[in-house]
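# Structural features, examined
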Amino acid sequence: MRRLFPVTDETAAPGGRSGTSGGGRGGPGGGGGEDGAGREWSLAELAAAYAYPEAEAEAGPGPGGGREPWLRANMVSTLDGAAQHEGRSQPISCPADMRIFGTLRALADVVLVGAETVRQEGYRPARARAEFAAAREAAGQGPAAAVAVVSASLDLDFSLPLFTSPLVPTLILTGSAAPPDRVAAAEAAGVRVVTAGEGAGVDPGRAVRALAERGYTRLLTEGGPRLLGQLVAAGVLDELCLTVAPMLTAGDAQRIAGGPAVTLPRRFTLKSMLEEDGFLFTRYARP
């Protein structure tokens, strides 16, 4: 893996090797030809590259330790804009993308996901990883990120491992008009149901606040496209980690964000770009 942006003395060095094989040295901010080119970055290096902003609110003690919530999205897209192939994201991913996927989960307090993605992708609870245990403990986090499912109908299979065997209880974010029998079924399965909207739907801003009030301030969403579109439209997305896959699929697959368009396009700032085997791993944040 190599860093393409921001440019450093290492990334700009003439004659450095490119590619992903070999015994190059270096890493984020370190020496070695092309800032880590020619070798697989360690999980610690990836964690440093994707660390959440550490700015603290001036609020006093309370859930979240006074941190302002920060919501990042992690998505993958082909060159022609497809976020999925045959309904799943895995065919357009790669091993490096999955390492980053796991790292982002390990950094987060909670993973926000839409109900359709849970059904389509066979979602499982986040697992504890020994490589991140000390860092999570030092940050005041539990052994693994919680998963928060956004669902108006609660039409979910509560016998799945996501609900029956998570390290941290799974949450469901829903509206005040959610079917009472489905709410009861969720709670009977040990799920924490959180009302985050009037009527059937979930209000994205209210959902972010509700999670922050419960101490979940490092937020990560993995979609799907409909949920990401709602977060974008509501103006609550702070950061997008987008993997660009060097693939073309054509077809009618969804983009990474769906739903109604915003009135004016919102511009984000490029924070970093990594590359491995032709895949680009970009990180954009609101100005």
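Heads up: these notes are all about the structure in this document.

What counts and how
- Residues numbered from 1 in each chain as written.
- Predicted model: local features only at pLDDT ≥ 70, side-chain atom pairs only at ≥ 80, totals over all residues.
- Heavy atoms only, no water.
- Patch = residues over 30% accessible without salt bridge, like charges linked within 9 Å, V, L, I, M, F, W, Y side chains within 5 Å.
- Areas by Shrake-Rupley, 256 points an atom, 1.4 Å probe, with all protein chains shown as cover.
- Salt bridge = Lys/Arg side-chain N within 4 Å of Asp/Glu carboxyl O.
- Helix = DSSP H or I, 4+ residues; strand = E, 2+ residues; numbered from the N terminus.
- Buried < 20%, exposed > 50% of the residue type's maximum accessible area, 1.4 Å probe, protein only.
- Phe/Tyr/Trp six-rings, centres within 6.5 Å; stacked < 30°, edge-to-face > 60°.
- Lys NZ or Arg CZ within 6 Å of the ring centre and 35° of its normal.
- Pairing = 2+ DSSP bridges.

### Some words on a nonpolar patch on the surface
Residues L4, F5 and V7 make up a contiguous nonpolar surface patch of about 240 Å² in total accessible area. Turning to its location among the elements, V7 is positioned in the loop between strand 1 (2-5) and helix 1 (43-49). According to the relative accessible area criterion, V7 is exposed, its value standing at 57%.

### Regarding the packing of aromatic side chains
Here a ring pair, both rings aromatic, is described through the centre-centre distance and the interplanar angle of the planes. For the coordinates displayed, the defined rule picks out two aromatic pairs. Ring geometry for F158 versus F163: centroids 5.1 Å apart, planes at 75 degrees, classification edge-to-face. Each member of the pair, F158 as well as F163, is classed as buried. Ring centres 6.5 Å apart and planes at 15 degrees place the aromatic pair F279 and F281 in the stacked group. Since its relative accessible area comes to 5%, F279 is described here as buried. Stacked on the ring of Y52, the Lys or Arg R72 has its end atom at 4.0 Å from the ring centre.

### Digging into the pairing of strand 8 (residues 239-245)
Among the seven residues in strand 8, six count as buried, and that is most of the element. Inspection of the sheet shows strand 2 (residues 70-78) paired to strand 8 by seven bridges, in the parallel sense. Residue pairing in the sheet places A73 in a bridge with L240 of strand 8. Where strand 8 lies against strand 10 (residues 279-285), six bridges are found, and the strand directions are antiparallel. When the bridges of strand 10 are listed, L240 appears paired with Y284.

Worth remembering: the numbers are spatial, not functional.
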